[in-house]
Amino acid sequence: EAMVRQGGLVVREPDGREWLATDMIIASSLDGLEPFDYVLITLKSHQIADIAHQVNAICKEDGVIVTFQNGLPWWFFLKYNGPLAGTRLQTVDPTMACDAIDVSRVIGSVCFVATAISTPGKLDITVLDHFSAGELDGSDTPRFKALCELFAGAGLRMDATSNIRDEVIRKMLINVTFNPIGAFTSGTVGEIMDFEPTRALSLKASEEVLAIASSIGIVIPHDVARQKLMLAAQIAGGFKTSMAQDREANKLLEASLLTGLIEVAQLTGTSVPFLTAFGAMLELINSRTLAASV
């Protein structure tokens, strides 16, 4: 933060171009900020509870909150008509802190982007593919159209969807395979897919994601999982996932990426031995990280 305050943020795009971002508001707290038209929450899932009670206050009267978390978001079963409608996932939001966020303001989004902080004050964007977003109830609203236009105006592809939950699951096919395995092995996406045993493990885990999705009424063809993993390896083969980067930096891992899915599996009676094993190992790593920080 100090480096960015002093000299701005250097952004390196996938084609190697660099530019300096200086027109920013940098704050260590949300207190005292003027209200915004759009508030984008790009924190990891386990970090949202710390700011949930302040988010509404920095929205204008008709302000919109856009979420970009990996894993099942806290709102997944809200404004939803399928199985488990209204369920609040304890593993995703243990203290129910996200109850403080006005769900009527929320637009869900999924990003297919890969970044890394190469040095303090420098952000490397290695993959900038697209974003998918939609209203939680699938409606087509003026505020959602305006959001898509804002992204387009910034040169960013925002795909509109009437079923954001499908997009969340499709992203999780990538997240719950490459992220944990990357954290355990420090391997790149390409290495994980090139090595037959970890490729097979990735496919097994993705099949469990599809089984969970089917149990709550979201049906995605099985060949989509393989296609998603192969495409990710092509686009981001030399990239280490965010979880692998966090492991190397001794940061807490985003275990809720898996624990939310596992909780849904338990609620629906779906067997997920591979995801359960991944989740247990992530929790152990996090417990060791916390113990070392005391």
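Residues numbered from 1 in each chain as written. Predicted model: local features only at pLDDT ≥ 70, side-chain atom pairs only at ≥ 80, totals over all residues. Heavy atoms only, no water.

Colleague: Quick rundown of the side chain of Glu208? Include the residues and the values.
Modeller: Its location among the elements puts Glu208 in helix 6 (residues 196-215). Nearest to the buried, unbridged Glu208 among oppositely charged side chains is Lys204, at 8.2 Å. In this structure the side chain of Glu208 is engaged in a polar contact, spanning 2.9 Å, whose partner is the backbone nitrogen of Leu275. Once residues lying within four places of it in the same chain are set aside, the contact partners of Glu208 are Ser271, Val272, Pro273, Phe274 and Leu275. (Helix = DSSP H or I, 4+ residues; strand = E, 2+ residues; numbered from the N terminus. Buried < 20%, exposed > 50% of the residue type's maximum accessible area, 1.4 Å probe, protein only. Lys, Arg positive; Asp, Glu negative; His and termini not counted. Salt bridge = Lys/Arg side-chain N within 4 Å of Asp/Glu carboxyl O. Polar contact = N/O pair within 3.5 Å; in protein donor to acceptor, adjacent residues only side chain to side chain. Contact = heavy atoms within 4.5 Å.)

Colleague: Go over the packing of aromatic side chains with me, naming the residues and quoting the values.
Modeller: Following the criterion strictly, the structure yields seven aromatic pairs and no others. When the centroid spacing of 6.0 Å and the interplanar angle of 85 degrees are considered together, the rings of Phe68 and Phe131 count as edge-to-face. Highlighted residues: Phe68 in the loop between strand 4 (59-67) and strand 5 (106-119) and Phe131 in strand 6 (residues 122-135), separated in sequence by 63 residues. With respect to class, Phe68 is no different from Phe131; both count as buried. Ring geometry for Phe184 versus Phe278: centroids 5.9 Å apart, planes at 65 degrees, classification edge-to-face. Placement of the pair is Phe184 in helix 4 (residues 164-185) and Phe278 in helix 10 (residues 273-293), with a sequence separation of 94 residues. Phe184 sits in the partly exposed class, given a relative accessible area of 27%. By relative accessible area, which is 3% here, Phe278 ends up buried. Geometry around Phe76 places Arg165 over its ring, the cationic atom sitting 5.9 Å from the centre. (Phe/Tyr/Trp six-rings, centres within 6.5 Å; stacked < 30°, edge-to-face > 60°. Lys NZ or Arg CZ within 6 Å of the ring centre and 35° of its normal.)

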